[in-house]
Amino acid sequence: MELQNIANTLHRVRQVNPLVHNITNVVVTNFTANGLLALGASPVMAYAPEEVADMASIAGALVLNIGTLHEKEIAAMLLAGKSANQHQVPVIFDPVGAGATAYRTATARKIVKEVNVSIVRGNAGEVANVVGENWSVRGVDTGDVQGDVVSLAQSAARQLGTVVVVTGKEDVITDGQRTYLVHNGDALLTKVTGSGCLLSSVIGAFAAVEQDLLLAAASALVSYGVAAEIASASKGQAGPGSFQVAFLDQLAKVSTDQIIKYGSVIEKI
Amino acid sequence: MELQNIANTLHRVRQVNPLVHNITNVVVTNFTANGLLALGASPVMAYAPEEVADMASIAGALVLNIGTLHEKEIAAMLLAGKSANQHQVPVIFDPVGAGATAYRTATARKIVKEVNVSIVRGNAGEVANVVGENWSVRGVDTGDVQGDVVSLAQSAARQLGTVVVVTGKEDVITDGQRTYLVHNGDALLTKVTGSGCLLSSVIGAFAAVEQDLLLAAASALVSYGVAAEIASASKGQAGPGSFQVAFLDQLAKVSTDQIIKYGSVIEKI
Amino acid sequence: MELQNIANTLHRVRQVNPLVHNITNVVVTNFTANGLLALGASPVMAYAPEEVADMASIAGALVLNIGTLHEKEIAAMLLAGKSANQHQVPVIFDPVGAGATAYRTATARKIVKEVNVSIVRGNAGEVANVVGENWSVRGVDTGDVQGDVVSLAQSAARQLGTVVVVTGKEDVITDGQRTYLVHNGDALLTKVTGSGCLLSSVIGAFAAVEQDLLLAAASALVSYGVAAEIASASKGQAGPGSFQVAFLDQLAKVSTDQIIKYGSVIEKI
């Protein structure tokens, strides 16, 4: 995967200004909207069952995030997801907290069963729980199980029939056949709530302009990660509040030249 | 309209510290509250049908915003609006996304029909959809239709019996008889989610202290716009994250002298 | 109470990284999560009745906040609270706006009646309304009634059988027997929405690692207040937007040495 292609995809997001419909959690709505605006996309949040099918049908991508799920929102997600499917709108799914409670795990599985999802993004524990593997989330957090994460992602992608993105110290992108590893990003992202949720929505913005979903996902992760690296280098020492502000600035400013200079994506053979 | 009167109205907001009751969308609650606090007003958010009538009755203004509407919230808006009407509390209505889905359009029309609204604020497409005009929102966004926006605002104000504020590159304020144009603000506001929603709530803060609603609305738009201009001049180059922080700072700091120096409002004859 | 013990408790929060389950209002979710992350705790928000008992059972503390209460959320709070009680998880209650509407007052009383709360934190008017005293909130805001606030806090603590924290210009912490006064913090906190709500969640993080609830509460207030003082000294002049960013930075950076140098807590005899 050429960094020039990734840079071109970022350029296209900014040109097209795709409408991204988010049904997401109450913690991250503001940060998600500001992050998408900074990047050059156009965010919309809509939750009412009376309108989600309409909104999803005119969007460039639909992002479903179960971070603060409840019954009515799940019903709205299913309505929106099916409308997106009918209108060939790519659906990105973020199974926040799958495995933390039985309700989240069951809901995540219901969504991937009833909606034709294009890309699933989560950490290793969340993705493992969506596909029913017996994973210790604590073990994953140590980062000692690199080989296993790649296998997990590939297995999940084949089982779900989607692209799967597993983020962590190293990010894995796979459709079950081809697999890419991305080494961009910064540890300070873990100190900003919703940095994973916003990433899922950013993947949606890229999927809205690029049909090759592996390229779309890799372009999102590289652009996001390089912006975080630049923000951390300039403001990270000040602390997580300053970093978050600088990160929003960099989502707007990160250049195609910087993508080519700092981007790191390799194919896993 | 004298800039000195506008400066005086801003001064009064800071003296009175009016309580502004917001029933608004989940994306902008935090930014709205922080913006009102910075300005010198006192925000409260309350949504439960059991309490909205009580809360609206003790507020200086009520702001209704349908950005992430749902059935129960609409019912609460109607209860709060009717209570505000009974207690002579001015009601500001922001028809976010009217025209984007049939549900939003229908809800916006229901609210202006059932509640005695004082001021409606939206972009041209939203306002057009509230009053049932056949407007192409895309056309409005080009900004090529200046004359039409003034006519739309005036026509909407007469039809609704309210003050109408249409914001865009140029802002129009009218009660259907007198019309004012405001040329303050900065393009970076479009990169901060909820900048229109917060403006509606800021109009509420001014309407709480000034019964001349044209003066109240113009004072809000000039104060908001000048604060944005100063913030953009100092931090705009850094990006939208830094601009948002500087804008909150300037809502607190913008002085009556700066209002008189930089404010731009003219009557449209 | 030794400042060294307070510094040690802060150190322990950062070591343990306790999971704090928040059922809080829609205005402050993002700021609460970012503040807890900055401090070194691990926030989770979960509201669905299907999962709150599970989530509360695995948390280090549960924080209930009625800032934007509604029927379903109250039911979820009771479920979560009872689960926390069963699993010896401390419960912190923030009765936002008790006294402002009859519904809030009644709900606050219901929660302290049905859930075994460990710590109640509010301003003087809110706490007075929880225990049914006939307090003029306006009088409290003048700060002229210092002696009364201590008596109110002590009386409330005895009546409720909890630790009570009343925050204001001076903060009072009491279990009805021992009483401490904390003189840290900065007036700019009143210009940041949710600064009281975040403080309640921060108290939760400290209660998760320290069973002496008076020490836990005092450690939270001193750490929070010293971070605010340092942030105000460095960025306060710029305005409330810059202060909020600097405050998040300082929650992450405030050192045990700074706690010992700037902390101010005395026992009220």
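Residues numbered from 1 in each chain as written. Chains lettered and ligands numbered in written order. Predicted model: local features only at pLDDT ≥ 70, side-chain atom pairs only at ≥ 80, totals over all residues. Heavy atoms only, no water.

This part is about the interface of chain C and chain A. Listed by partner, the interface residues are 21 residues for chain C and 26 residues for chain A. Carbon and sulfur atoms supply 57% of the area buried between chain C and chain A, which totals about 1800 Å² over both sides. The interface formed by chain C and chain A holds one salt bridge in total. Arg104 of chain A is the partner of Glu51 of chain C in a salt bridge, and the nearest nitrogen-oxygen pair spans 2.7 Å. Counting across the chain C and chain A interface gives eleven residue pairs in polar contact (both at pLDDT 80 or more). Mapped onto the side of chain C that touches chain A, the elements with two or more residues apiece are helix 2 (29-39), helix 3 (52-58) and helix 11 (240-253) of chain C. (Contact = heavy atoms within 4.5 Å. Buried area = accessible area lost by both parts, 1.4 Å probe. Salt bridge = Lys/Arg side-chain N within 4 Å of Asp/Glu carboxyl O. Polar contact = N/O pair within 3.5 Å; in protein donor to acceptor, adjacent residues only side chain to side chain. Helix = DSSP H or I, 4+ residues; strand = E, 2+ residues; numbered from the N terminus.)

So, about the side chain of Asp171 of chain B. Residues and elements named next belong to chain B. For Asp171, the location among the structural elements is in strand 7 (residues 171-174). We note that Asp171 is buried and unpaired, the nearest opposite charge coming from Arg121 at a distance of 7.1 Å. Polar side-chain contacts of Asp171 include one of 3.1 Å to the backbone nitrogen of Gly168. (Buried < 20%, exposed > 50% of the residue type's maximum accessible area, 1.4 Å probe, protein only. Lys, Arg positive; Asp, Glu negative; His and termini not counted.)

Residues and elements named next belong to chain C. On strand 7 (residues 171-174), burial covers both faces: Asp171 and Ile173 on one face and Val172 and Thr174 on the other are all buried. Where strand 6 (residues 163-166) lies against strand 7, three bridges are found, and the strand directions are antiparallel. Within strand 7, the position partnered with Val166 by the bridge is Val172. Joining the antiparallel neighbours strand 6 and strand 7 is a turn of four residues. When strand 7 meets strand 8 (residues 179-182), the two strands line up antiparallel, connected through four bridges. Bridge assignment links Val172 to a residue of strand 8, and that residue is Leu181. Here strand 7 folds back onto strand 8, and the loop between the two strands holds four residues, one of which, Gly176, carries a positive phi near 95 degrees. (Pairing = 2+ DSSP bridges.)

Residues annotated by UniProt as "binding site: substrate" (unreviewed entry) correspond here to Met45 and Gly194 of chain A. Exposure remark for Met45 of chain A: the relative accessible area of 6% places this residue in the buried category. Not counting residues up to four positions away in its chain, the partners in contact with Met45 of chain A are Asn22, Thr24, Thr29, Thr32 and Ala33 of chain A together with Val27, Gly67, Thr68 and Arg104 of chain B. The residue Gly194 of chain A is located in the loop between strand 8 (179-182) and helix 9 (195-207) in this model. (UniProt positions renumbered as here; feature names shortened; annotations may be inferred.)

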